[in-house]
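Reading the structure
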Amino acid sequence: MIRIKNATYIASLINSFVGLEVETHRINTDGGLSTHPYPSGLLDEKKHHFIKNDFLETQSELITPPEENTHRGLTYLGAYHQALRSELASSEYLWPYSMPPKLRSDHADIEIAQTDHDNYVYRQKVAQIRKIERTAETGVHVNIGLTPAAIHQIGIPPTQDEIDNLYLQAAIGFMHYRWLLTYLFGATPFAFDNYFSKTANMPAQAVRSLRNSHFGFGNGFLASYRSVSEYVTDIEDAVRDHEIIAEREYYGTVRLKRTPHLKDLLADGILYTELRIYDLDPFEPMGISEDAVNIIRLMFAYFAGNQPFNLDESDHEISAAVKKNDTVALENPLTVTQFHDQAVSFIEKLSAFSQMISLPFNAEELCLRMLERIDNPLLTPSARLVTWSNNDAQQLFDKLLLMAKGYQNDFLDHPLYGYEDRSLKEQKRKIQQLKMGKQLVLKNN
């Protein structure tokens, strides 16, 4: 097992490629799901590479390219927001919260996206089996992969097994500490009209993250992370045994990725991992903060660099971690988590790990902010939402709707992200190219 501790290697791990997938709903002026079709001023959703419809017709997804620099990634995300928002109907906005807005009691307003026949059939099956309202949740996925610089330092040349083991260590680490990210960034204390049925055993009070609890969307199946081959075999067996509908319905907290074809992992190994943890942060106009991205960078480097887990015992640890995360997700967001001391200990390890490393962000300052949140839960997004709304779901809904309308105006009035110093004519030309699926080329910082 390789453990390379030099500063250059650690920095290259922290500066891994990171891409974001941010989902959000188009809503109307009253806070219901929009009845307008996919914006006609955008390239057809089947062809656009970074502005798409997700599972549902109102569910937009913005996908940034992999970047070593967090600020650049968020710059892309801001520009995509502007391109999408500029083509919304005058009565449309983007919902800044991961639990769906108010729904009709018969759920007839939840329409499956008709991107192509195969996807539509698959999504119909999921909706029939899994409760369609659960498909209306949204969130942020963070994709993280090693750069050539990091891979070069693993070995000359590194074997794919060595690379895969780094990714497996990171995957296990993120699942092991998912509870901590749920505490730090959970932002779904309430659900709104008709998400829960009248007979549902729903929480009686605000929680940290409904979406990250067992009340959120999922199917309960978890693959093994002891090896790539076991991961692939478990998912294939689950499809065969009808535990899940298809390979793509594997909703693990972390997914091992190469191509859309699962078997390619066996032949070519892991290219990146997809983390499906974060709620949208309503206090961040783009749905995610730099801190939320950078703590993922730091944790990935820590797990890959130290390789602290025994892969043979990982499945048992992950099962225990799932229960721990559910406990944290359903805690009162105004209280200190019962795992406070463990949270402090781990963040202190991250801080020590990053000392004396040259990075584009201040990792020790980041860790101090996370320690402050651990000691003072009122700084966490979920607690801020609860206090802001006087612990009342309807008040929160009303404030989120005002926020959605305010963000819409702010994005449309802001110069094009990444092109603030260009002429208005150049900005308009670039945003039109974005709408037609042509990528921005950002200046190197």
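Placed above this text is the structure.
Read on for an overview of the structure. (Residues numbered from 1 in each chain as written. Predicted model: local features only at pLDDT ≥ 70, side-chain atom pairs only at ≥ 80, totals over all residues. Heavy atoms only, no water.)

The subject of this paragraph is the overall build of the protein chain. Along the protein chain, the regular secondary structure elements total 15 helices and 7 strands. Taking 2.2 N^0.38 as the reference for a compact globule, 445 residues should give roughly 22 Å; the C-alpha atoms of the protein chain span a radius of gyration of 21 Å, in line with that estimate. The dimensions of the protein chain, computed from C-alpha atoms along their principal axes, are 55 × 55 × 45 Å. Every one of the 445 residues in the protein chain was classed for burial, and the buried ones make up 58%. In the form shown here, the protein chain has an accessible surface area of approximately 18,800 Å², with 50% of it arising from carbon and sulfur atoms. Of the side-chain charges in the protein chain, 44 are positive and 58 negative, and the distance between the mean point of each set is 4 Å. (Helix = DSSP H or I, 4+ residues; strand = E, 2+ residues; numbered from the N terminus. Rg over C-alpha atoms; globule rule 2.2 N^0.38 Å. Buried < 20%, exposed > 50% of the residue type's maximum accessible area, 1.4 Å probe, protein only. Areas by Shrake-Rupley, 256 points an atom, 1.4 Å probe, with all protein chains shown as cover. Lys, Arg positive; Asp, Glu negative; His and termini not counted. Charge placed at Lys NZ, Arg CZ, Asp CG, Glu CD.)

With a probe scaled to a water molecule rolled over the atoms, the places where space remains empty come into view. There is about 300 Å³ of room inside the second largest pocket. For the second largest pocket, the lining is made up of 15 residues, of which Ala191, Phe192, Phe196, Met202 and Pro203 are closest to its centre. Looking at the lining of the second largest pocket residue by residue, the classes come out as 11 nonpolar, 3 polar and 1 charged. (1 Å grid on protein atoms, 1.4 Å probe; cavity = no way out; pocket = protein on both sides within 12 Å on 5 of 7 lines; lining within 4 Å. Points joined across faces, edges and corners; volume = space filled by probe spheres on them. Nonpolar A, V, L, I, M, F, W, Y, C, P; charged D, E, K, R; others polar.)

All right, on to empty space enclosed by the protein then. This model, assessed by the stated rule, comprises 3 cavities of 30 Å³ or more. Approximately 80 Å³ is the volume found for the largest cavity. As for the largest cavity, its lining consists of 13 residues, and the residues nearest its centre are Thr24, His81, Trp95, Pro96 and Pro285. For the lining of the largest cavity, the secondary structure elements donating two or more residues are β1 (17–27) and α2 (70–85). The class makeup of the residues in the lining of the largest cavity is 8 nonpolar, 3 polar and 2 charged. One number sums up the size of the second largest cavity: a volume of about 60 Å³. If you go around the second largest cavity, the residues you meet are Val140, Phe185, Tyr278, Asp279, Asp281, Gly287, Ile288, Ser289 and Ala292.

In this structure, His107 is a non-glycine residue whose phi angle is positive, near 60°. Mapped onto the secondary structure, His107 falls in the loop between β4 (93–94) and α3 (117–130). With a relative accessible area of 15%, His107 lands in the buried category. The backbone of His242 sits at a positive phi, close to 65°, despite the residue not being glycine. Take His242: it is sitting in the loop between α7 (228–240) and β6 (254–257). Owing to a relative accessible area of 70%, His242 belongs among the exposed residues under this scheme.

Looking at where Pro285 falls in the secondary structure, it is placed in the loop between β7 (272–278) and α9 (290–306). Put simply, Pro285 and Val140 are 145 residues apart on the chain and 13 Å apart in space, counted from C-alpha to C-alpha. Once residues within four sequence positions are removed from consideration, Pro285 is found in contact with His81, Arg85, Tyr407 and Phe411. (Contact = heavy atoms within 4.5 Å.)

Considering the arrangement of structural elements, one finds Asn212 in the loop between α6 (178–185) and α7. Under the relative-accessibility criterion, Asn212 is labelled buried at 4%. At a separation of 3.0 Å, a polar atom in the side chain of Asn212 contacts the main-chain carbonyl oxygen of Ile277. Excluding anything up to four places from it in sequence, Asn212 contacts Arg178, Thr182, Ile277, Asp279, Asn325 and Ala329. (Polar contact = N/O pair within 3.5 Å; in protein donor to acceptor, adjacent residues only side chain to side chain.)

So, about the pattern of salt bridges. Counting across every chain of the model gives 19 salt bridges. For Asp315, the salt bridge goes to Arg226, with nearest N and O atoms at 4.0 Å. In this pair, Asp315 sits in helix α10 (residues 314–329) while Arg226 sits in the loop between α6 and α7, placing the two residues 89 residues apart along the sequence. On the basis of relative accessible area, Asp315 is assigned to the partly exposed category, the value being 26%. Arg226 sits in the partly exposed class, given a relative accessible area of 33%. Among the salt bridges present, the one from Asp421 reaches Arg422, with a minimum N-O distance of 3.8 Å. Since its relative accessible area comes to 53%, Asp421 is described here as exposed. (Salt bridge = Lys/Arg side-chain N within 4 Å of Asp/Glu carboxyl O.)

As a further point, take the packing of α2 against helix α15 (residues 424–435). Direction vectors running N to C along α2 and α15 enclose 80°, while the axes themselves pass 9 Å from each other. Relative to α15, the element α2 is oriented roughly perpendicular. Counted together, Ala79, Tyr80, Gln82 and Ala83 of α2 and Ile431, Leu434 and Lys435 of α15 form the full contact between these two elements. Its residues placed into classes, the contact of α2 with α15 shows 5 nonpolar, 1 polar and 1 charged. (Axes fitted to C-alpha atoms, helices over the stretch in contact; angles between N-to-C directions. Parallel < 35°, antiparallel > 145°, perpendicular 65-115°, else oblique.)

Within the secondary structure layout, Arg211 lies in the loop between α6 and α7. Taking the relative accessible area as the measure of exposure, Arg211 reaches 12% and is therefore buried. Distance from Arg211 to Ala352, taken between C-alpha atoms, is 32 Å for residues 141 residues apart in sequence. When near neighbours in sequence (up to four residues on either side) are disregarded, Arg211 contacts Ser98, Met99, Glu137, Thr138, Gly139, Val140, Thr188, Gly216, Arg276, Ile277, Tyr278 and Asp279. Side-chain polar atoms of Arg211 contact the side chain of Asp279, separated by 3.1 Å.

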